[in-house]
Amino acid sequence: MTTPDIAARRVLGAIAALVVGTLTLSACGGNASADTDTSGKGGGGTSAKTSTAKIVISAKDGSTNASINATGVQVSNGKLTDVKMTVAGSGQAVEGVVSANGGSWKPKEQLERGTKYQISATAKDASGKTSAANSIFTTVSSSNSFIGTYTPDNGTTVGVGMPVSFTFDKVIGDKKAVQSHITVTSSSGQQVVGHWFGAQRLDFRPQEYWKAGSKVTMKIDLDGVEGANGVYGVQKKTVTFTVGRSQVSTVDVNTQTMTVVRDGQTLKSLPISSGSPEHTTYNGQMVISEKFTQTRMNSQTVGLGGEYDIPDVPHAMRLTSSGTFIHGNYWYNKANPPFGQTGTSHGCVGLADVQGAQGATNAKWFYDNSLIGDVVIVKNSPDKTVAPDNGLNGWNLAWSEWTAGSAA
């Protein structure tokens, strides 16, 4: 039988254990905030009151593949009062901007890949109580990320034949994921479709040339997209460019002339010199991808011998990545028939010019009146049609072939 005295001691022991347990829970369940309520209300004791401001740092503490674009700080039920971001180790400060409502912070510039950073943030809720959060993380490394070099650039004005072209620095395994995170639209309403040339190049174009005067918008949303196993995109931006007037120039090898047509009207018919019978010029639709007032041309860089090395070729415009240009020619052998009668080049299209890129020559006129993205069509050459991936020349694929190369 239990005596009353022993029972009472057991009850008191249980109460003591309960009190100790309660105190233990209070000690372990607190917040970083040191704010307390000492008013004595609600039972006459002292109770901890934590801030309701909740800080979220997008790059989790200890993460190693953080975004170089989307890393930032957000707060709910409060406002940020201080955010410090540094390069871990060196302590170099990273400048940032707090939103007007105090609810978020982000770096001013894109972060570097493969770099360790530290963020410390504090915020206050409506009652003035403070919360704090910290994170040390590393951004995605170069070996675990991919970037697409693209053309045309933002804010440029281009010709009607200019495609949007991406070249990725890594082999893309999941083409559908990558393509579906790049959208290209035109104010003309033309349907724009992507086409893959291998695993590292993706071009976009409409079925026909762009409508003159249209605005094209390219939205790149590749940040965090897994393009291959363990390899993620890091780009997130919007690019816009304008399509200028329509200019399409047609080189007829039979007549050794080039007819320049702008907005449906013929501007000029110029005598040219195409490739010789030994070094013929490609047929097909070619797009001007680069312009140089003067440039060096060396035959050895295009797989030939020592046939030529000209340091100052004037008014040169690239048509293929393999080395086809339309350019000025001041070294034309006067013993040959004049321009417009025979082809004597190593595959390029030559126009009469003078050394130094000065003077009112046909080459200078065409150079001054051409845009990156203008189309030059070569016909009646004994050569084959240029490969669609040799330069920006996807127009040489039928629309059915183009759309068949889409992964989206």
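Please refer to the structure placed before this passage.
Throughout what follows, the structure given in this document is the object of discussion. All residue numbers refer to position in the chain's written sequence, counted from 1. With the structure being a predicted model, the display of local features is reserved for residues of pLDDT at least 70 and the display and counting of side-chain atom pairs for 80 or more, all residues being used for whole-chain, interface and lining totals. By convention in this description, side-chain values take in all heavy atoms of the structure and omit both hydrogens and water.

### So, the packing of aromatic side chains
Okay, so step 1: We call Phe, Tyr and Trp rings a pair once their centres come within 6.5 Å, taking the six-membered ring for Trp, and we label the pair stacked below 30 degrees between planes, edge-to-face above 60, and tilted otherwise. All told, the structure shown has 10 aromatic pairs when counted by the stated rule.
Okay, so step 2: A ring pair is formed by Tyr-209 and Trp-395, whose centres lie 4.9 Å apart and whose planes are at 80°; its orientation type is edge-to-face. Residue Tyr-209 is located in the loop between strand S16 (201-206) and strand S17 (215-221), and its partner Trp-395 is located in the loop between strand S29 (375-379) and helix H4 (399-404); the two are separated by 186 residues in the primary sequence.
Okay, so step 3: For each residue, the accessible area found with a 1.4 Å probe, counting protein chains only, is set against the maximum for its type, and the residue is called buried under 20%, exposed over 50%, and partly exposed in between. On the basis of relative accessible area, Trp-395 is assigned to the buried category, the value being 8%.
Okay, so step 4: Between Tyr-330 and Trp-331, the ring centres sit 5.0 Å apart and the planes meet at 85°, which makes this aromatic pair edge-to-face.
Okay, so step 5: An aromatic cluster is defined as three or more aromatic residues linked by ring pairs; in this entry it consists of Phe-146, Tyr-150, Phe-166, Phe-168 and Trp-196.
Okay, so step 6: A ring is scored as having a charge over it whenever the NZ atom of a lysine or the CZ atom of an arginine sits within 6 Å of its centre and within 35 degrees of its normal. Its guanidinium or amino end placed over the ring of Trp-402, Arg-205 lies 4.5 Å from that ring's centre, counting from NZ or CZ. Runs of H or I in DSSP of at least four residues are treated as helices and runs of E of at least two as strands, each being numbered from the N terminus.

### Considering the sheet that holds strand S23 (residues 265-271)
Okay, so step 1: If DSSP finds at least two bridges between two strands, the strands pair. The mixed open sheet is built from 5 strands, whose spatial order is S23-S22-S21-S29-S24. Of all strands in the sheet, those with a lone pairing partner are S23 and strand S24 (284-287), marking the two edges. Between one strand axis and the next, the sheet turns through 20° on average, direction left out of account.
Okay, so step 2: In terms of strand pairing, S24 meets S29 through 4 bridges, oriented antiparallel. Among the inter-strand pairings, Val-287 is bridged to a residue of S29, identified as Val-375. Lines fitted to C-alpha atoms define the axes, with helix axes restricted to the stretch in contact, and inter-axis angles between N-to-C directions lie between 0 and 180 degrees.

### Considerations on the sheet that holds strand S25 (residues 290-298)
Okay, so step 1: Strand order in the open sheet formed by 4 strands is S25-S26-S27-S28, and the pairing between neighbours is mixed. The open sheet has two free edges, formed respectively by S25 and strand S28 (349-352), since each of these has just one partner strand. Across the sheet, the mean angle separating the axes of adjacent strands is 40° when strand polarity is ignored.
Okay, so step 2: As judged from the 4 bridges shared by strand S27 (residues 325-329) and S28, these two strands associate in the parallel manner. What sits directly across from His-327, in S28, is Gly-350.

### Re the pairing of strand S13 (residues 164-168)
Okay, so step 1: Among the 5 residues in S13, 4 count as buried, and that is most of the element.
Okay, so step 2: Note: strand S11 (residues 148-151) against S13, 4 bridges, orientation antiparallel. Residue pairing in the sheet places Tyr-150 in a bridge with Phe-166 of S13.
Okay, so step 3: Inspection of the sheet shows S13 paired to S16 by 4 bridges, in the antiparallel sense. When the sheet's bridge partners are listed, Ser-165 is paired in S16 with Asp-203.

### Looking at unusual backbone geometry
Okay, so step 1: Here Thr-151 and Pro-152 are connected by a cis peptide whose omega angle stands at 5°.
Okay, so step 2: Here Pro-152 is to be found in the loop between S11 and strand S12 (157-158).
Okay, so step 3: Of note, Gln-256 is a non-glycine position whose phi angle comes to about 50°, a positive value.
Okay, so step 4: Position of Gln-256 among the secondary structure elements: in the loop between strand S21 (247-252) and strand S22 (257-262).
Okay, so step 5: Judged by its relative accessible area of 3%, Gln-256 is buried.

### A short note on the environment of Asp-82
Okay, so step 1: Note that Asp-82 resides in strand S5 (residues 79-87).
Okay, so step 2: In this structure the C-alpha to C-alpha distance between Asp-82 and Ser-120, which are 38 residues apart in sequence, comes to 8.1 Å.
Okay, so step 3: In this view, Asp-82 contacts Ser-120, Ala-121 and Thr-122; residues no more than four positions away in its chain are not counted.
Okay, so step 4: Reaching out from Asp-82, the side chain makes a polar contact with the side chain of Lys-84 at a distance of 2.8 Å. The contact criterion used throughout is that any non-hydrogen atoms of two residues lie within 4.5 Å. For this analysis, a polar contact is any N or O atom pair within 3.5 Å, provided that within protein one partner can donate a hydrogen and the other can accept it, and provided that sequence-adjacent residues contribute only side-chain to side-chain pairs.

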